[in-house]
Amino acid sequence: MASMYSSSLEALQLPFENLYLFDNSSLSLNASSAGVFPDPQRNHGLGFSRVGSFRSCLDDFTGKSTNLGSSMFDNVNWFNGFSNGSPGFQPIFSLDSEYSYGYSNWVIDMAKTEEGSKDLQKLLSNSKNSNMIFSWVFDFIVELMIDQSGRYLFQKLIESADETQLQMILERLLVPHNYIYYASLLKYGSCSIKKLITVLEKSPLITYVIKALSDTFEKLMMDPIGHYVIFECLDVLDSQTNDPLNIQAMKQCLELVRHEQGSVSMNGFVTRIKGPRRDQLLNLISRNSAFLAQDPTGNYVVQCVIQLQNPAMNDQIFRNLEGYYVKLSTTKTGSYVVEHCFLSSGLDRVINELLRSDRLVSVAKDRYGNYVVQTALKESKKREISLHGSLVVKLEQHFKCLQHGYGRNVLSVLRSLQ
């Protein structure tokens, strides 16, 4: 199949020479239906009859049958200022003809093979060919961007597209459905959306992408694939552009961190966020640290903030956890948080609370607490020798009790540090 497409490149280029092209300098977004795009009242089935796999995926998300053939001209609220029938738009042919649709289908089939996609990408180096390929794949742009091989043609196409063509692609992806969101949940679709973000980095059009992502922020952050699209925004775009995402992160933070995937995603978000919203988000987590430290997934974001070594935030966390250190030490999730406090500037706070407690031996014999006491001994030996001595004396008073169960692990560390 691929060799057949490759050998037919000459045949593909021949019809390019006999067709009129767009006047890109003044192409209207809502162009006349006599031009490149089909009349919204006709040919819906023909224009999108190929998008079977994505329709099925979309139906799963929406819970109802989705018509991917809906017109790009219906309910256009995202874009304003574009008039119908612009005199700058020059039709190249009518998509009502079997001839034009035949080539569209043929090009899409070609793009969905490895060799065919590579050959079409080569043709994009010529602006005349680029415009023609754009006109033929436009109605199938969603199908193209989520395909394993087709996505490479999509990515190359948006690199060579002008601002008007990028506007048209965005409208196709946003009206009437938020295909940016749906594509972000798919393996190859997410790669295409990340590339779109990079291409639009300096363009005002990026605000439409950010709005589409912020509207579905919580769902994307809870998805094992979708959250990488959010990360791409944080890695590529400036803090002002990302502000809608940052606001959503603060609104959804406490809900997300109690979700298994959401917690992992929020950790990545916390380490990437830039600008003034960063301290606001860290402060929100720090204020709720006593609650989150006891949560099976929320504790991870507390650990993440402690590891950032922000003095103000860590001081707030350590103060909020005072009175809870002993209790946290004997729980699976809490013990991790306490150990991170030892590795930061909270060492003296935690050890002093352990020394004041009459439950130190119980902590040392606990299945989770023994790890906390081991870490306390090791870290205090390196950094707070006076506290280390006090801890050793108190533990040695209960030598016999520690000779059984998990207490033996603590005695082993005591001997190794002498």
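Residues numbered from 1 in each chain as written. Predicted model: local features only at pLDDT ≥ 70, side-chain atom pairs only at ≥ 80, totals over all residues. Heavy atoms only, no water.

## Brief notes about the packing of aromatic side chains
Stated precisely, the cut-off is as follows: Pairing of aromatic rings covers Phe, Tyr and Trp, the last counted by its six-membered ring, and requires centre-to-centre distances within 6.5 Å; plane angles under 30 degrees mean stacked, over 60 mean edge-to-face, and any other angle means tilted. Burial classes: relative accessible area under 20% of the type maximum marks a residue as buried, over 50% as exposed, and values in between as partly exposed (1.4 Å probe, protein chains only).
Applying the stated criterion across every chain, the model contains four aromatic pairs. Look at Phe134 and Phe138: their rings are 5.6 Å apart centre to centre, the planes differ by 45°, and that puts the pair in the tilted class. Given a relative accessible area of 0%, Phe138 falls into the buried group. Aromatic pair Tyr181 and Tyr182: ring centres 5.2 Å apart, planes at 50°, arrangement tilted.

## Side note on the pattern of salt bridges
Filter applied, for reference: Salt bridge, as used here: a side-chain nitrogen of Lys or Arg that lies within 4 Å of a carboxyl oxygen of Asp or Glu. Strands are runs of DSSP state E lasting at least 2 residues, helices are runs of H or I lasting at least 4, and numbering of each runs from the N terminus.
On inspection of all chains with the given rule, the structure shows 14 salt bridges. Measuring nitrogen to oxygen at the nearest pair gives 3.6 Å for the salt bridge that ties Glu114 to Lys118. Here Glu114 pairs with Lys118, and both are found in helix H6 (residues 114-123), just four residues apart, close to one helical turn. Judged by its relative accessible area of 40%, Lys118 is partly exposed. In this structure, Arg319 and Asp315 form a salt bridge, with 3.0 Å as the shortest nitrogen-oxygen distance. Note that Arg319 and Asp315 are positioned in helix H21 (residues 311-321) at a spacing of four residues, about one turn of the helix. Residue Asp315 is classed as partly exposed on the basis of its relative accessible area of 30%. Sharing partners across several salt bridges, the network here consists of Asp315, Arg319, Glu322 and Arg349.

## A word on helix H10 (residues 163-174)
Formally: Here the expected span of a helix is defined as 1.5 Å times the quantity of residues minus one. Under this definition, polar contacts are N or O atom pairs within 3.5 Å; protein pairs additionally need one hydrogen-donor-capable and one acceptor-capable atom, and for neighbouring residues in sequence, both atoms have to be side-chain atoms.
The end-to-end C-alpha distance of H10, which contains twelve residues, comes to 16 Å, matching closely the 16 Å that a straight helix rising 1.5 Å per residue would cover. Most of H10 is tucked away, with eleven of its twelve residues classed as buried. Those residues of H10 that sit buried are Thr164, Gln165, Leu166, Gln167, Met168, Ile169, Leu170, Glu171, Arg172, Leu173 and Leu174. A distance of 3.2 Å separates the backbone nitrogen of Thr164 from a side-chain oxygen at the start of H10, and that oxygen is part of Asp162.

## A closer look at helix H17 (residues 260-272)
Worth spelling out the cut-off: Here, two residues are considered to be in contact whenever any of their heavy atoms come within 4.5 Å of each other.
Taking 1.5 Å as the rise per residue, H17 with 13 residues should run 18 Å; its terminal C-alpha atoms sit 19 Å apart, in good agreement. Listing the buried residues of H17 in full gives Gln261, Gly262, Ser263, Ser265, Met266, Asn267, Gly268, Phe269 and Val270. Buried positions along H17 lie against helix H14 (217-221), helix H15 (227-236), helix H16 (243-256), helix H18 (277-287) and helix H20 (298-307).

## Digging into unusual backbone geometry
A cis geometry characterises the amide bond from Val175 onward to Pro176, with omega recorded as 0°. With respect to the secondary-structure elements, Pro176 resides in the loop between H10 and helix H11 (179-184). In this structure, Gln309 takes a positive phi of about 55° despite not being glycine. Mapping Gln309 onto the fold places it in the loop between H20 and H21. Since its relative accessible area comes to 44%, Gln309 is described here as partly exposed.

## Observations regarding the nonpolar core
Stated precisely, the cut-off is as follows: Put simply, a nonpolar core is a bunch of buried Ala, Val, Leu, Ile, Met, Phe, Trp, Tyr and Cys residues held in one set by side-chain atoms that sit within 4.5 Å of each other.
Counting residues in each nonpolar core, the largest one holds 111 residues, and the members touching the most others are Leu213, Phe269 and Leu395. Among the elements that make up this core, the one with the highest residue count is H10 (six residues). The contacts of Leu395, once residues within four sequence positions are left out, are Leu360, Ala364, Val373, Leu377, Leu402, Val410 and Leu414.

## Examining the UniProt feature "repeat: Pumilio" (unreviewed entry) in the protein chain
To keep things clear, this is the line we draw: UniProt positions are given in the numbering used here, feature names are shortened, and annotations may be inferred rather than shown by experiment.
UniProt records the feature "repeat: Pumilio" (unreviewed entry) for residues 136-171, 283-319 and 353-394 in the present numbering. As annotated, residues 136-171 comprises 75% helix and 0% strand, and the C-alpha atoms at either end are separated by 17 Å. Secondary structure content for residues 283-319 is 76% helix and 0% strand, while the C-alpha to C-alpha distance between its ends is 13 Å.

## Notes on the environment of Leu391
By secondary structure assignment, the location of Leu391 is in helix H27 (residues 385-396). Residue classification places Leu391 among the buried residues on the basis of a relative accessible area of 0%. Through-space distance from the C-alpha of Leu391 to that of Asn352 is 9.1 Å; in sequence the pair is 39 residues apart. With residues up to four places along the chain from it excluded, the contact list for Leu391 reads Leu355, Leu360, Ala376 and Leu377.

## What about the confidence of the model for the protein chain?
Put simply, the rule is: pLDDT expresses, on a scale from 0 to 100, how confident the predictor is about each individual residue.
Of the residues in the protein chain, 76% reach a pLDDT of 70 or more, and the chain-wide mean stands at 81. This stretch, residues 1-62, has a pLDDT under 50; its non-local contacts, to residues over four places away or in other chains, come to 153 contacts. Confidence drops under a pLDDT of 50 for residues 64-100, and excluding neighbours within four residues, the segment shows 102 contacts in the predicted structure.

## Observations concerning the environment of Met145
Within the secondary structure, Met145 sits in helix H8 (residues 141-145). Apart from the residues lying within four places of it in its own chain, the contact partners of Met145 are Arg151, Phe154, Leu173, Ala183, Tyr188, Gly189, Ser192 and Ile193.

## Some words on the packing of H6 against helix H9 (residues 150-160)
Rules: A fitted line through C-alpha atoms serves as each axis, taken over the contacting stretch for helices, and the angle formed by two N-to-C directions is quoted from 0 to 180°. Note on angle classes: values under 35 degrees are labelled roughly parallel, values over 145 roughly antiparallel, values of 65 to 115 roughly perpendicular, and the remainder oblique. In this classification, the charged set is Asp, Glu, Lys and Arg, the nonpolar set is Ala, Val, Leu, Ile, Met, Phe, Trp, Tyr, Cys and Pro, and all remaining amino acids, among them Gly, are polar.
Two numbers describe how H6 lies on H9: the axes approach to 8 Å, and their chain directions differ by 10°. Regarding the angle of H6 to H9, the classification is roughly parallel. Each of Ser117, Leu120 and Gln121 in H6 lies in contact with H9, whose residues at this interface are Tyr152, Leu153 and Lys156. Its residues placed into classes, the contact of H6 with H9 shows three nonpolar, two polar and one charged.

## Looking at the environment of Thr271
Assignment of secondary structure puts Thr271 in helix H17. Residue Thr271 is classed as partly exposed on the basis of its relative accessible area of 43%. Sequence separation of Thr271 and Leu234 is 37 residues, and the distance between their C-alpha atoms is 9.8 Å. Beyond its immediate sequence surroundings of up to four residues, Thr271 is in contact with Arg278, Cys304 and Leu308.

## Section: the packing of helix H13 (residues 206-215) against H16
Packing of H13 against H16 brings their axes to within 9 Å, and their N-to-C directions diverge by 10°. Between H13 and H16, the angle is such that the two are roughly parallel. Residues Ile210, Leu213 and Ser214 of H13 touch H16, and the partners they reach there are Pro244, Leu245 and Gln248. Looking at the contact of H13 with H16 residue by residue, the class counts come to four nonpolar, two polar and no charged.

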